[in-house]
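# Structure assessment
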Amino acid sequence: MPSVSEDPSQKPLLRALAGEAVWPPPMWLMRQAGRYLPEYREIRAQAGDFIALCTAPAMAAEVTLQPIRRYGMDGAILFSDILMVPWAMGQPLRFAEGEGPVLEPVRDAAAINRLDPSVCAANAAPIIETVRLVRAGLAEEAPRTTLIGFAGSPFTVACYMVEGHGSRDFAAARGMAYGDPALFGRLIRILVDASADYLCAQADAGAEALMLFDSWAGLLAPSQFRRWVIEPTASLVRAIRKRHPAIPLIGFPRLAGPMLVEYAQRTGVQCLGIDTSMDLRWAASAVPPSMCLQGNLDPLSLVTGGMALETEARSILGAMRGRPFIFNLGHGIEKVTSPDNVSALVRLVRTG
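First, a word on what this report is: a plain description of the structure on this page. (Residues numbered from 1 in each chain as written. Predicted model: local features only at pLDDT ≥ 70, side-chain atom pairs only at ≥ 80, totals over all residues. Heavy atoms only, no water.)

Take the pattern of salt bridges next. A complete count under the given rule lists 12 salt bridges for this structure. Note that arginine 69 and glutamate 62 form a salt bridge whose closest N and O atoms lie 2.9 Å from each other. Among the residues examined, arginine 69 registers a relative accessible area of 41% and is labelled partly exposed. The salt bridge involving glutamate 129 is made with arginine 132; its shortest N-O contact spans 3.1 Å. With glutamate 129 and arginine 132 both in helix 7 (residues 120–141), this residue pair falls three residues apart, about one helical turn. Given a relative accessible area of 30%, glutamate 129 falls into the partly exposed group. The partly exposed category is assigned to arginine 132, whose relative accessible area is 43%. Several salt bridges share partner residues, and in doing so they unite Lys11, Arg135 and Glu208 into one network. (Salt bridge = Lys/Arg side-chain N within 4 Å of Asp/Glu carboxyl O. Buried < 20%, exposed > 50% of the residue type's maximum accessible area, 1.4 Å probe, protein only. Helix = DSSP H or I, 4+ residues; strand = E, 2+ residues; numbered from the N terminus.)

Shown next, in the form of structure tokens:
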């Protein structure tokens with residue numbers, strides 16, 4: 001049971017996720033813990049490489065809490081990466097400086113056979129310990145802040161696993177989906193099961209909401225979107241609901257466009273993350289008024305600051321007043337962002 005100070009009814013972000021039109025809206029920012037913060041860079045230098053940081057519970061918890069201390073955000077999202085699930089199943093992974101993630105590609109049945117979901121829980125144990133440490137830290141330092149766990153959605157994680165690196169079009173992954181849907185479907189099913197276990201372990205450890213990042217959903221044609229984004233996400237949500245029926249889920253199908261409506265109808269998430277390209281007023285008109293929306297400030301307006309930032313933020317606030325809403329970016333914060341601009345945004349949103 002939560003303590004009185006951790007009463008969910010007193011946490012603005014959980015209230016919004018439950019369908020309440022909280023005003024001023026709760027806020028947090030994607031990648032709010034990261035390279036734009038000098039305190040993060042200090043910890044990152046101590047850790048050595050990125051995977052070492054993600055799997056060092058004390059350091060990862062400290063990084064997660066840094067933006068909460070600095071800005072008083074309503075959400076603290078676990079510091080980790082969407083590729084920790086394939087890493088935990090045994091797919092070789094490294095993060096190259098200036099290059100992003102590099103994986104040993106999974107492009108045939110033999111490579112899929114080498115994945116071992118049975119070791120995922122043991123390998124991910126340090127990340128789950130980070131969740132416990134963050135929840136304890138929030139109880140002490142910021143009892144009104146909600147702890148958000150997360151994973152990559154199956155399609156987006158599969159994109160990296162098949163391609164072996166980042167890409168503008170993930171042609172190898174999409175080609176497998178078209179050319180060998182049975183093989184691609186097998187990989188997706190493995191990811192659904194492993195991600196459900198991973199997310200439920202986060203919930204068991206203290207995560208109060210869960211977010212599913214489908215960063216490359218917008219690459220797909222509608223028929224493929226239904227098959228590889230909506231259906232696996234719905235399966236993942238059902239699996240989580242069996243074990244954690246009340247935990248709220250945020251889905252972020254980036255660049256989904258009009259497919260956002262079907263995603264909202266069929267996946268079972270409570271909240272929709274809205275990317276920068278989408279008109280918030282259209283999104284609000286296209287989904288039920290009780291569904292929480294989250295987004296969608298352009299990260300470059302936050303880099304720019306000043307009147308550009310104020311104009312964009314005020315436009316979002318004006319569009320969303322009167323409905324369940326969480327103020328956020330439409331994509332992750334840029335590393336060149338000034339912390340002072342984030343402070344200015346927080347002040348602006350707090351005034352509603």
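Moving on to the sheet that holds strand 6 (residues 249–253). Sheet strands line up and pair through hydrogen bonds in the backbone, either parallel or antiparallel. Pairing is parallel across the open sheet formed by seven strands, whose spatial order is 1-4-5-6-7-8-9. The sheet terminates laterally at strand 1 (75–77) and strand 9 (325–329), the two strands that pair on one side only. Averaged over all pairs of adjacent strands, the angle between strand axes in this sheet comes to 25°, irrespective of strand direction. Pairing of strand 8 (residues 292–297) with strand 9, which is carried by five bridges, proceeds in the parallel orientation. Considered in strand 9, the bridge of leucine 293 is made with phenylalanine 325. Where helix 7 meets the sheet, its contacts fall on strand 1 and strand 4 (146–152), and the angle it forms with strand 4 comes to roughly 160°. Strand contacts of helix 10 (residues 181–205): strand 4 and strand 5 (209–214), with the helix running at about 170° to strand 4, the strand carrying the most contacts. (Pairing = 2+ DSSP bridges. Axes fitted to C-alpha atoms, helices over the stretch in contact; angles between N-to-C directions. Contact = heavy atoms within 4.5 Å.)

As a further point, take the layout of surface pockets. Roughly 1,600 Å³ of volume is contained in the largest pocket. Lining the largest pocket are 44 residues, with Arg31, Arg35, Phe50, Asp81 and Phe95 sitting closest to its centre. Listed by contribution, the elements that provide at least two residues to the lining of the largest pocket are helix 2 (38–47), helix 3 (50–54), strand 2 (93–96) and strand 3 (100–103). Class assignment of the residues belonging to the lining of the largest pocket gives a composition of 22 nonpolar, 10 polar and 12 charged. By volume, the second largest pocket amounts to about 190 Å³. Leu280, Asn296, Glu312, Ser315 and Ile316 are the residues nearest the centre of the second largest pocket, which is lined by 13 residues in total. Looking at the lining of the second largest pocket, the elements with two or more residues in it are helix 13 (280–286), strand 8 and helix 15 (306–320). Sort the elements by how many residues they give to the lining of the second largest pocket and helix 15 lands first, with four residues. (1 Å grid on protein atoms, 1.4 Å probe; cavity = no way out; pocket = protein on both sides within 12 Å on 5 of 7 lines; lining within 4 Å. Points joined across faces, edges and corners; volume = space filled by probe spheres on them. Nonpolar A, V, L, I, M, F, W, Y, C, P; charged D, E, K, R; others polar.)

This paragraph deals with helix 16 (residues 339–350). The terminal C-alpha atoms of helix 16, which comprises 12 residues, lie 17 Å apart, in line with the 16 Å expected from a rise of 1.5 Å per residue. All buried positions along helix 16 are accounted for by Pro339, Asn341, Val342, Leu345, Val346, Leu348 and Val349. Against helix 2, helix 4 (57–71), strand 8, helix 14 (299–304), helix 15 and strand 9 lie the buried residues of helix 16. Two or three places before aspartate 340, at the start of helix 16, stands the capping residue serine 338, its side-chain oxygen 3.1 Å from that residue's backbone nitrogen. Positive phi shows up at glycine 352, right after helix 16, with a value of about 70°. (Expected span 1.5 Å × (residues − 1). Polar contact = N/O pair within 3.5 Å; in protein donor to acceptor, adjacent residues only side chain to side chain.)

Turning to the environment of proline 289, a few remarks are in order. Residue position: proline 289 is located in the loop between helix 13 and strand 8. On the accessibility criterion, proline 289 (64% relative accessible area) is exposed. Spatially, the C-alpha atoms of proline 289 and alanine 121 are 38 Å apart, while their sequence positions differ by 168 residues.

Let's shift gears to the packing of aromatic side chains. According to the stated counting rule, one finds 10 aromatic pairs in the structure shown. When the centroid spacing of 5.5 Å and the interplanar angle of 85° are considered together, the rings of phenylalanine 150 and phenylalanine 213 count as edge-to-face. With phenylalanine 150 in strand 4 and phenylalanine 213 in strand 5, this residue pair connects regions lying 63 residues apart in the sequence. As far as the burial class goes, phenylalanine 150 and phenylalanine 213 line up, both buried. Geometrically, the ring pair formed by phenylalanine 184 and tryptophan 228 is edge-to-face, given 4.9 Å between the ring centres and 85° between the ring planes. Placement of the pair is phenylalanine 184 in helix 10 and tryptophan 228 in helix 11 (residues 222–243), with a sequence separation of 44 residues. When sorted by exposure, phenylalanine 184 lands in the same class as tryptophan 228, which is buried. (Phe/Tyr/Trp six-rings, centres within 6.5 Å; stacked < 30°, edge-to-face > 60°.)

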